[in-house]
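# Fold and contact review
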Amino acid sequence: MTKFKTSLTFFAALLAAVATAPALAAEPATLVAQAEPPAIPVITPRVQTVNESLEVTGNAEAVNQVMLVARVPGYLEKIHFEDGALVKKGDLLFTIQQDQYKAQLQQAQGQLLAQKVARDHAHLEVGRFTQLLKQHATSQVEVDHWVFQEKTAEANIIAAQAQVEIAELNLSYTEVRAPFDGQMAKHLVDPGNMVGADPKSASLAQITQLDPIYVVANISSQQALQIRANLDQRRLSLDELHRIPVEASLSDESGFPHKGTLQYVAPSIDPSTGTLFVRGILPNPNRTLLPGVFVRVRLPMGKVIQSALLVPQRALQEDQGGRFLLVVGADDTAQKRYVKLGSLVGSWQVVTSGVERNEQIVVGELWRVSPGLKIKPTPAATDR
């Protein structure tokens, strides 16, 4: 009985302590904080004057590419270059057997000398018989005979001189020299082989001029007509044509580091392709451009755009709808804006429609931004 009373007293005290304890807060212990908008780099479009241009894909072509051949038959005696070597105009490349051609030259020179002697002798006889005719010591027939001999000898001298020149020419053909500065391909015939006896054995090696070099491309008929419209339908003179700049770049190069001038434009559009052939010529001192390589070619359109809007290329994106930019709209919300593009100026692209001059363009952290997202626009450093 005593233990039961003690237990009741303990529980009564415990309930009294609970009743007097402070009430717990009814609010949740943790509040979810609202996330701040991400800071995104933006810029406004650049405004400047731009010479409108077009870009096409083309190829590099050699200005000169020649197959060196043996112009006289004979045994190939010596090769004076290494395959792939750079050579200068006039460098000796091949030597063909010369002995017979030297002998032929000496023979022709001897014939020329004999004809000169015959002419001199006939000239003396003409003088002698003319004096005898005056003394009535000979007939006119004798005088006419020696006049004929003198004239014949003079004609023979001309023929003999021609034979000497032919022999000298044939002898010069035994030395095959570089027709221009260029790079040699591999030789096609080894020393000791007979060359020049027939067309199959005539080819010795190919030489290619690499500086300067052509870049060729085809522009569409619509682009050609647009250029002509920009020029007010005026056809350029050849001098004006040669002053038009042409720029080119390889696929792994940025910008257009290779610069030259327009060299040729086809007089008509190819009906089979609907394109116009154009060709520019560029310095190539380091032989960066090789014949056959694909290049990007930039040509002026003959039109100047005042106050053109330009945006960095890195800001442009593309989907099935075309090229677009992310623009900061009302309440700093990102908007997708499809744009029409013009010429490329360095790392900037002309935008002909789709954005306004004072609008902010998203240029960085594009992966974090999607249309409708609220952002914190942060001015970015402009590209050069």
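An account of the accompanying structure is given in this report.

### Things to note about the pairing of strand E12 (residues 245–249)
Counting buried residues along E12, 4 of its 5 residues qualify, which places the element largely inside the surrounding structure. Examined bridge by bridge, E12 and strand E13 (residues 258–265) share 4 bridges and lie antiparallel to one another. Residue pairing for E13: Pro245 is matched across the bridge by Thr261.

### Overview of the layout of surface pockets
One number sums up the size of the second largest pocket: a volume of about 220 Å³. In terms of lining residues, the second largest pocket is bounded by 14 residues, among which Asn51, Ser53, Glu247, Arg298 and Pro300 are the most central. When contributions to the lining of the second largest pocket are tallied by element, the ones reaching two or more residues are strand E2 (46–62), E12, strand E15 (294–312) and strand E19 (340–345). Here the element with the most residues in the lining of the second largest pocket is E2; it accounts for 6 residues. Grouping the constituent residues of the lining of the second largest pocket by class yields 6 nonpolar, 5 polar and 3 charged.

### Details of unusual backbone geometry
The residue after Asp211, namely Pro212, is reached through a cis peptide bond having omega 0°. Examined against the element boundaries, Pro212 turns out to sit in the loop between strand E10 (203–208) and strand E11 (213–220). In this model, Asp332 sits at a positive phi of 55°, which is unusual for a non-glycine residue. Relative to the elements of secondary structure, Asp332 occurs in the loop between strand E17 (322–328) and strand E18 (334–338). Residue class for Asp332 comes out partly exposed when judged on its relative accessible area of 33%.

### A look at the pattern of salt bridges
Using the criterion set out here, one finds 9 salt bridges in the structure. Between Glu175 and Arg177 there is a salt bridge, with the nearest N and O atoms lying 2.9 Å from each other. Between Lys336 and Asp319 there is a salt bridge; the shortest N-O distance is 2.8 Å. With Lys336 in strand E18 and Asp319 in strand E16 (residues 317–319), the pair connects residues that are 17 residues apart, well separated along the chain. Given a relative accessible area of 35%, Lys336 falls into the partly exposed group. Classification of Asp319 as partly exposed rests on a relative accessible area of 26%.

### Details of the side chain of Ser249
Along the chain, Ser249 turns up in strand E12. Judged by relative accessible area, which is 0%, Ser249 ranks as buried. Contacts of Ser249, omitting those with residues within four sequence positions, involve Gly255, Phe256, Pro257, His258, Val295 and Arg296.

### As for helix H2 (residues 99–134)
Given 3.6 residues per turn, any residue in an α-helix points the same way as the ones three and four places further on. Helix length check: H2 (36 residues) gives 53 Å between terminal C-alpha atoms against 52 Å at 1.5 Å per residue, within 8%. Those residues of H2 not exposed but buried are Tyr101, Leu105, Ala108, Leu112, Gln115, Ala122, Glu125, Val126 and Phe129. Those residues of H2 that are buried lie in contact with helix H3 (140–173). Looking one or two places after H2, you find His136, whose phi comes out positive at around 60°.

### Observations regarding the nonpolar core
Counting residues in hydrophobic clusters, the biggest one holds 23 residues, and the most contacted among them are Leu54, Val215, Ile219, Leu289, Val297 and Leu299. Looking at this core, the elements with two or more residues in it are E2, E11, helix H4 (221–230), E12, strand E14 (275–282) and E15. Membership of the second largest hydrophobic core comes to 18 residues, among which are Leu76, Ile79, Val87 and Val176.

### Considerations on the sheet that holds E10
Sheet architecture is open: 4 strands sit in the order E3-E10-E8-E5, paired in antiparallel fashion. Both outer strands of the open sheet, strand E3 (65–69) and strand E5 (86–87), are each paired with one neighbouring strand and no more.

### Structural notes on the packing of H2 against H3
Direction vectors running N to C along H2 and H3 enclose 165°, while the axes themselves pass 7 Å from each other. Relative to H3, the element H2 is oriented roughly antiparallel. For the crossing formed where H2 meets H3, the hand is left-handed. Split by residue class, the contact of H2 with H3 holds 18 nonpolar, 13 polar and 8 charged.

### Things to note about the sheet that holds strand E7 (residues 175–177)
In space, the 4 strands of this open sheet follow the order E7-E6-E4-E9, with antiparallel pairing throughout. Two strands bound the open sheet, and with one partner strand each, they are E7 and strand E9 (194–195). Pairing between strand E4 (residues 74–79) and strand E6 (residues 92–96): 3 bridges, direction antiparallel. Residue pairing in the sheet places Leu76 in a bridge with Ile96 of E6.

### Observations regarding the environment of Ser203
Within the secondary structure, Ser203 is located in strand E10. Once the C-alpha coordinates of Ser203 and Val69 are considered, the two residues, 134 residues apart in sequence, prove to be 4.4 Å apart.

### Description of the packing of aromatic side chains
Tallied over the full model, the rule gives 4 aromatic pairs. With a centroid separation of 5.3 Å and an interplanar angle of 85°, the aromatic rings of Phe81 and Phe94 are classed as edge-to-face. Of the two residues, Phe81 is situated in the loop between E4 and E5 and Phe94 in strand E6; the sequence distance between them amounts to 13 residues. Using a relative accessible area of 11% as the deciding quantity, one classes Phe81 as buried.

### Description of the pairing of E13
Note: E13 against E14, 4 bridges, orientation antiparallel. Within E14, the residue paired with Tyr264 across the bridge is Arg279.

Calculation criteria
Residues numbered from 1 in each chain as written. Predicted model: local features only at pLDDT ≥ 70, side-chain atom pairs only at ≥ 80, totals over all residues. Heavy atoms only, no water. Buried < 20%, exposed > 50% of the residue type's maximum accessible area, 1.4 Å probe, protein only. Helix = DSSP H or I, 4+ residues; strand = E, 2+ residues; numbered from the N terminus. Pairing = 2+ DSSP bridges. 1 Å grid on protein atoms, 1.4 Å probe; cavity = no way out; pocket = protein on both sides within 12 Å on 5 of 7 lines; lining within 4 Å. Points joined across faces, edges and corners; volume = space filled by probe spheres on them. Nonpolar A, V, L, I, M, F, W, Y, C, P; charged D, E, K, R; others polar. Salt bridge = Lys/Arg side-chain N within 4 Å of Asp/Glu carboxyl O. Contact = heavy atoms within 4.5 Å. Expected span 1.5 Å × (residues − 1). Core = buried A, V, L, I, M, F, W, Y, C linked by side-chain atoms within 4.5 Å. Axes fitted to C-alpha atoms, helices over the stretch in contact; angles between N-to-C directions. Parallel < 35°, antiparallel > 145°, perpendicular 65-115°, else oblique. Left-handed = near helix turned anticlockwise from the far one by under 90°. Phe/Tyr/Trp six-rings, centres within 6.5 Å; stacked < 30°, edge-to-face > 60°.

The analysis is restricted to geometry; functional conclusions fall outside its scope.
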